[in-house]
Protein chains: 2
Amino acid sequence: MSAKLYKKKEYLLRQFARTNKKNYENYVVTRIFHLINDLEIKFVTQQYFKRDNGKFGMADMYFPQFNLSIEIDESQHDSERHIDQDKIRDRDYVSATGDLFSHPQGWMPKRIRVGGDISLLGIDYEIEQTVNYIKELKKKDAGFIPWNIDNEFSYKGLKIFDVHNQIVFKKIVDAINYFRTEELKYDGYQKAGAMTMDKKKKLWFPKLFKNKDWSNTISSDETFIEEKPVQNSKWFANTNHLEKILKKNDKIRIVFAKVKGNLGFVLYRFKGYFVLNEELSKKKGYCCWQRKTTKVSIPEGNPIY
Amino acid sequence: MSAKLYKKKEYLLRQFARTNKKNYENYVVTRIFHLINDLEIKFVTQQYFKRDNGKFGMADMYFPQFNLSIEIDESQHDSERHIDQDKIRDRDYVSATGDLFSHPQGWMPKRIRVGGDISLLGIDYEIEQTVNYIKELKKKDAGFIPWNIDNEFSYKGLKIFDVHNQIVFKKIVDAINYFRTEELKYDGYQKAGAMTMDKKKKLWFPKLFKNKDWSNTISSDETFIEEKPVQNSKWFANTNHLEKILKKNDKIRIVFAKVKGNLGFVLYRFKGYFVLNEELSKKKGYCCWQRKTTKVSIPEGNPIY
């Protein structure tokens, strides 16, 4: 019990520390947190997200249990803040699809205005509304799972992994074990991939951005992955990667993208069930993976449509 | 009304910004502030104070309306933090005398421990106690004056200036005008001193630390001031300052020390009613001022014992 609270203490301090350069952000984020005053509710500061339209944004405060984002707006205008994808290529982000604050232009975070002409009472009023709203959300959510910092990358009991449920792991082996029955559990070191129990689907943990060996990309709607060796990398020079894949009939991927998480740690985020598009791959000369579904069954790893 | 709230907004942000490098401090200070949730209560972060024993300390959070200080203690031990006077020679500080948290060793701030073995619930519990205590203080204080940021250096209606009431000014002229009747009010530029209406006492606004011209000091119990020209300064070279004082019979001083305030602005802090100790001054060759009392009458400037 108290070990968890030590961890939460450290966690909270690290989250607040990230807001420290911007004063308004620190004021709003600490006020929301202290007035919610509920350690069962988790928050993250400066969480990147991707909108329905494929554009990136950043939430100053994000509540993963409710998929709720808050943006602290120092400008006078209600403009959307866009984040350049190149700047956050290796960073974790959440999909904003299906969020509570929907908007004609697509998904929008809750905006708290703090700029010059807004009075302190105005800011405090908006914060109060937000705090009450979040408390309400918790109350109304029959399936609410309290924030357990020792256990937050645990999905025990889940029968389905769904991209929209923000499935994230800290270690590859933890992800792999969800695709194993008890007798087959892995306790080995991390490796870059593993097969499902039926040996037909690969659990894949790629970097979906340009790195030393690979020039991978994922499309903005997250349904299409190009897996492309970098020219002069060993993959490019020594073998024809695509031929090998075709020969081994290794054409199904359950994808967990390797990313850098909010506090700087590596994370693996579930991206769905992908299948090789053979025709396109052959035409292009490298692997092109097409998402078939955002859901797979646990532990079999079968696609659910 | 709203102009004041804009000012409070800026003020709060500047105060919080000062806590930003230390995470625990930011957590505790913001939590106390947001849970008190009362804009009539003023606070200052990182306020220097002087203890009864003459030693300096720093309060991480200080509530001037209650003369209440809070120290956020990251160490395991209940040790007193001492501040080297040389480092804060030109800085404003409050006298801790008569504070609410008295202690066998002298005045002590309320201490909130946040170090390694304290859990989050432990910190939050201490903060809750402190918040309730402060709310109680306000409720019980029949003479409570709400924080008015436009007017906080105003002492309208006071018949006595007492060092223990933390009398502070932003401008010399404002201090001088408390020693004038309505017809004699000053609206001129700031000057380094002025006489009271009876022409017998000087309102004096010295730097009580070593500066270019003067090597002034105030004793740790604040009852004794040495006013000493720096060797080779114009005061030292051209005139005998002490002789001039004696000749003019300029032997009474109502002292406002010139200091740098918490947010970097110059302030003048009332230090009491001082009289020249002629015998000692002649022996030493420079002016030695002895405090006679901490209270003077307004507007006459007469000593009150």
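Just so we're clear, the structure is a prediction, and the values are computed from it rather than from any experiment.

**Re the overall build of chain A**
Helix and strand counts for chain A come out as seven helices and 16 strands. Out of the 305 residues belonging to chain A, those deemed buried represent 52%. In chain A, 60% of the contacts between residues at least 6 apart in sequence involve partners at least 24 apart. Per element, the accessible surface of chain A, about 14900 Å² overall, is 51% carbon and sulfur.

**With respect to the relation of the copies chain B and chain A**
For the match of chain B to chain A, the screw axis carries a shift of 0.1 Å, the RMSD comes to 0.1 Å, and the turn is 180°. Given the turn and translation reported, the copies of this chain are related as if by a two-fold rotation axis. Interface overlap between copies: 100% of the residues of chain B at the interface are likewise at the interface in chain A, consistent with a symmetric, same-surface contact.

**Considering the sheet that holds strand β4 (residues 94-95) of chain B**
Residue and element names in this part refer to chain B. Overall, mixed pairing links the five strands, which are arranged β4-β1-β2-β3-β5 in an open sheet. The open sheet is flanked by β4 and β5 (110-113), the only strands paired with a single partner. Of the strand pairs in this sheet, strand β1 (residues 44-50) and strand β2 (residues 56-63) are connected by six bridges, and their pairing is antiparallel. Bridging from a neighbouring strand, Tyr-48 pairs with Met-58 of β2. Sitting on the sheet, helix α3 (residues 120-140) is in contact with β2, β3 (68-73) and β5, with an inclination near 155° to β5.

**Quick notes on the interface of chain B and chain A**
At the junction of the two partners, chain B supplies 31 residues and chain A supplies 31 residues. Of the roughly 2700 Å² buried where chain B meets chain A, counting both sides, 62% is carbon and sulfur surface. For the chain B face of the interface with chain A, the top three residues by lost area are Lys-9, His-34 and Leu-120 of chain B, together amounting to 24%. On the surface where chain B and chain A come into contact, there are zero salt bridges. Our count for the chain B to chain A interface comes out at nine residue pairs in polar contact (both at pLDDT 80 or more). Counting residues per element, the ones that place at least two in the side of chain B that touches chain A are α1 (2-17), α2 (23-36) and α3 of chain B. Tallied by class, residues from the side of chain B that touches chain A come to 17 nonpolar, nine polar and five charged.

**Concerning the nonpolar core**
Ranked by internal contacts, the top residues of the largest apolar core, which has 77 residues, are Phe-63 of chain A together with Phe-63 of chain B. Leave out the neighbours within four places in its chain, and Phe-63 of chain B touches Ile-32, Ile-36, Ile-41, Lys-42, Phe-43, Leu-68, Ile-70 and Ile-134 of chain B.

**Let's talk about the sheet that holds strand β3 (residues 68-73) of chain A**
Residue and element names in this part refer to chain A. The strand order across the open sheet built from five strands is β4-β1-β2-β3-β5, with neighbouring strands paired in mixed fashion. The sheet is open, and its two borders are formed by β4 (94-95) and β5 (110-113), each paired with just one other strand. Both β3 and β5 contribute to a ladder of four bridges, which runs parallel. Across the sheet, the residue bridging to Asp-73 is Arg-113, located in β5.

**What to know about the confidence of the model for chain A**
All names here are of chain A. Across chain A, pLDDT averages 83, with 85% of residues at or above 70. Long-range and interchain partners of residues 98-107, a stretch whose pLDDT sits below 50, account for 21 contacts in this model, where long-range means more than four residues apart. Note on the complex model: pTM 0.78, ipTM 0.75.

**What to know about the pairing of β1 of chain B**
All names here are of chain B. By the criterion of burial, β1 is predominantly enclosed, with seven of the seven residues buried. From the end of β1 to the start of β2, which pair antiparallel, there are five residues, and Gly-54 there has a positive phi angle of about 85°. In terms of strand pairing, β1 meets β4 through two bridges, oriented parallel. Bridge pairing in β4 places Phe-49 opposite Val-94.

**Section: helix α6 (residues 241-248) of chain B**
Residue and element names in this part refer to chain B. Taken together, the buried positions of α6 are His-241, Leu-242 and Ile-245. Relative to the axis of α6, the buried residues are bounded by an arc of 100° and lie together on one face. Exposed positions of α6 whose direction lies more than 90 degrees from the buried face are Glu-243 and Lys-247. Packing partners of the buried residues in α6 comprise β11 (224-227), β12 (252-260), β13 (266-276), α7 (278-284) and β14 (287-293). A side-chain oxygen of the first residue of α6 lies 3.1 Å from the backbone nitrogen of Leu-242; this N-cap is Asn-240. One or two residues past the end of α6 sits Asn-249, with phi positive at roughly 55°.

**Quick look at empty space enclosed by the protein**
Remark: the empty space left among the atoms is shown by a probe the size of a water molecule rolled over them. Residues and elements named next belong to chain B. Evaluated as defined, the whole model comprises six cavities of 30 Å³ or more. In this structure, the largest cavity encloses a volume near 110 Å³. In terms of lining, the largest cavity is formed by Phe-56, Gln-85, Ile-88, Arg-89, Arg-91, Tyr-93, Leu-208, Phe-209, Ile-218, Ala-257, Val-259 and Lys-271. Residues belonging to the lining of the largest cavity are distributed by class as follows: eight nonpolar, one polar and three charged.

**Brief notes about the packing of aromatic side chains**
In the structure shown here, the tally under the stated rule is 36 aromatic pairs over all chains. When the centroid spacing of 5.4 Å and the interplanar angle of 50° are considered together, the rings of Phe-33 of chain A and Phe-43 of chain A count as tilted. Residue Phe-33 of chain A is located in helix α2 (residues 23-36), and its partner Phe-43 of chain A is located in the loop between α2 and β1 (44-50); the two are separated by 10 residues in the primary sequence. Pair check on accessibility: Phe-33 of chain A and Phe-43 of chain A agree, each one buried. Ring centres of Tyr-155 of chain A and Phe-169 of chain A lie 5.2 Å apart, and the angle between their planes is 75°; this geometry places the pair in the edge-to-face category. Within this pair, whereas Tyr-155 of chain A is found in the loop between α3 (120-140) and β6 (160-162), its partner Phe-169 of chain A is found in strand β7 (residues 168-169), the two being separated by 14 residues in sequence. Here the aromatic cluster, defined as three or more aromatic residues joined through ring pairs, consists of Tyr-155, Phe-161, Phe-169, Tyr-178, Phe-179, Phe-205, Phe-256, Tyr-268 and Phe-270 of chain A. Against the face of Trp-204 of chain A rests Arg-253 of chain A, its NZ or CZ located 4.7 Å from the ring centre. Positioned above the aromatic ring of Phe-265 of chain B is the side chain of Lys-170 of chain B, whose terminal nitrogen or guanidinium carbon lies 5.1 Å from the ring centre.

Calculation rules
Residues numbered from 1 in each chain as written. Chains lettered and ligands numbered in written order. Predicted model: local features only at pLDDT ≥ 70, side-chain atom pairs only at ≥ 80, totals over all residues. Heavy atoms only, no water. Helix = DSSP H or I, 4+ residues; strand = E, 2+ residues; numbered from the N terminus. Buried < 20%, exposed > 50% of the residue type's maximum accessible area, 1.4 Å probe, protein only. Contact = heavy atoms within 4.5 Å. Areas by Shrake-Rupley, 256 points an atom, 1.4 Å probe, with all protein chains shown as cover. Least-squares fit on C-alpha atoms with pLDDT ≥ 70 in both. Pairing = 2+ DSSP bridges. Axes fitted to C-alpha atoms, helices over the stretch in contact; angles between N-to-C directions. Buried area = accessible area lost by both parts, 1.4 Å probe. Salt bridge = Lys/Arg side-chain N within 4 Å of Asp/Glu carboxyl O. Polar contact = N/O pair within 3.5 Å; in protein donor to acceptor, adjacent residues only side chain to side chain. Nonpolar A, V, L, I, M, F, W, Y, C, P; charged D, E, K, R; others polar. Core = buried A, V, L, I, M, F, W, Y, C linked by side-chain atoms within 4.5 Å. pLDDT = per-residue confidence, 0-100. Arc of directions from axis to C-beta. 1 Å grid on protein atoms, 1.4 Å probe; cavity = no way out; pocket = protein on both sides within 12 Å on 5 of 7 lines; lining within 4 Å. Points joined across faces, edges and corners; volume = space filled by probe spheres on them. Phe/Tyr/Trp six-rings, centres within 6.5 Å; stacked < 30°, edge-to-face > 60°. Lys NZ or Arg CZ within 6 Å of the ring centre and 35° of its normal.

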